[in-house]
Amino acid sequence: MADCLFCRIVSGEVEAAVVWSDERFTAFLDHRPVFKGHTLLMPRDHVVTLPDLSDDLRDPFLAATQRLAAAMVEALGAQGSFVAVNNTVSQSVPHLHCHVVPRTKGDGLRGFFWPRTRYADAAELAEYAARLREALAGG
């Protein structure tokens, strides 16, 4: 898509610090990293969200994410990584991308960095579980 920033990176129209690329995916440094080395992995073809990703790209996408997570430790001396995908909400660019962020104990991020909630009771918990099971049974 001509108006998609990430498609423009793939085409070479917009510069990015590419760390890895193949015929299916491109990985480049986030220009506003949580920590230095924060990398975004995206399919080269325009895909908006994870549910839109084709079956033939799903497993290679996870394998590429796994390689990047290992590289955070090997290349940057991180102790691990934080891996995340936003779908629509908080997705700053509407092109599927996975954040792979190097992590080190004491780096300042504390668990999940968004508010947590609770279920009102066991019945509400069961209701949410049932709704998800029903949706998953259909797919």
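Refer to the preceding data block for the structure.
Residues numbered from 1 in each chain as written. Predicted model: local features only at pLDDT ≥ 70, side-chain atom pairs only at ≥ 80, totals over all residues. Heavy atoms only, no water.

Caption draft 1: Structural context of a nonpolar patch on the surface. Judged by side-chain polarity, Tyr119, Leu125 and Tyr128 come together as a nonpolar surface patch covering roughly 300 Å² of accessible area. Structurally, the position occupied by Tyr128 is in helix H3 (residues 122-137). (Patch = residues over 30% accessible without salt bridge, like charges linked within 9 Å, V, L, I, M, F, W, Y side chains within 5 Å. Areas by Shrake-Rupley, 256 points an atom, 1.4 Å probe, with all protein chains shown as cover. Salt bridge = Lys/Arg side-chain N within 4 Å of Asp/Glu carboxyl O. Helix = DSSP H or I, 4+ residues; strand = E, 2+ residues; numbered from the N terminus.)

Caption draft 2: Just the pattern of salt bridges, in detail. Tallied over the full model, the rule gives seven salt bridges. A salt bridge links Arg58 to Asp59, with the shortest nitrogen-to-oxygen separation between them at 3.4 Å. Taking the relative accessible area as the measure of exposure, Asp59 reaches 51% and is therefore exposed. Residue Glu127 is joined to Arg131 by a salt bridge in which the shortest nitrogen-to-oxygen separation is 3.4 Å. Taken together, the positions of Glu127 and Arg131, both in helix H3 and four residues apart, correspond to about one turn of that helix. Because the salt bridges share partners, they merge into one network encompassing Asp22, Glu23 and Arg24. (Buried < 20%, exposed > 50% of the residue type's maximum accessible area, 1.4 Å probe, protein only.)

Caption draft 3: Just the sheet that holds strand S1 (residues 18-21), in detail. What the five strands build is an open sheet, ordered S1-S2-S3-S5-S4; its pairing is antiparallel. Strands with a single pairing partner mark the edges of an open sheet, and in this sheet they are S1 and strand S4 (80-85). Here the strands of the sheet are splayed against their neighbours by 20 degrees on average, with no regard to which way each runs. In terms of strand pairing, S4 meets strand S5 (residues 98-103) through six bridges, oriented antiparallel. (Pairing = 2+ DSSP bridges. Axes fitted to C-alpha atoms, helices over the stretch in contact; angles between N-to-C directions.)

Caption draft 4: Structural context of the packing of aromatic side chains. In total, this model carries three aromatic pairs according to the counting rule given. Residues Phe6 and Phe28 carry aromatic rings whose centres are separated by 5.3 Å and whose planes lie at 80 degrees to one another, so their mutual orientation is edge-to-face. Highlighted residues: Phe6 in helix H1 (residues 5-11) and Phe28 in strand S2 (residues 25-29), separated in sequence by 22 residues. Residue Phe6 shares its accessibility class with Phe28, and that shared class is buried. Both rings, one in Phe25 and one in Phe61, keep their centres 5.7 Å apart while their planes meet at 50 degrees; by these two values the pair is tilted. Remark: Phe61 occurs in helix H2 (residues 55-76) and Phe25 occurs in strand S2; sequence separation between them is 36 residues. Residue Phe25 is classed as buried on the basis of its relative accessible area of 1%. (Phe/Tyr/Trp six-rings, centres within 6.5 Å; stacked < 30°, edge-to-face > 60°.)

Caption draft 5: Structural view of the nonpolar core. Formed by 15 residues in total, the largest nonpolar core has its most connected members in Phe25, Leu41, Leu53, Phe61 and Val100. Within the residue set of this core, elements represented by two or more residues are S2, H2 and S5. Here this core gets six residues from one element, more than from any other, and that element is H2. Apart from residues no more than four positions distant in its own chain, Phe25 is found in contact with Trp20, Leu41, Met42, Pro43, Arg44, Leu57, Pro60, Phe61 and Ala64. If you look at the next biggest cluster of nonpolar residues, it comprises nine residues, including Cys4, Phe6, Cys7 and Leu40. (Core = buried A, V, L, I, M, F, W, Y, C linked by side-chain atoms within 4.5 Å. Contact = heavy atoms within 4.5 Å.)

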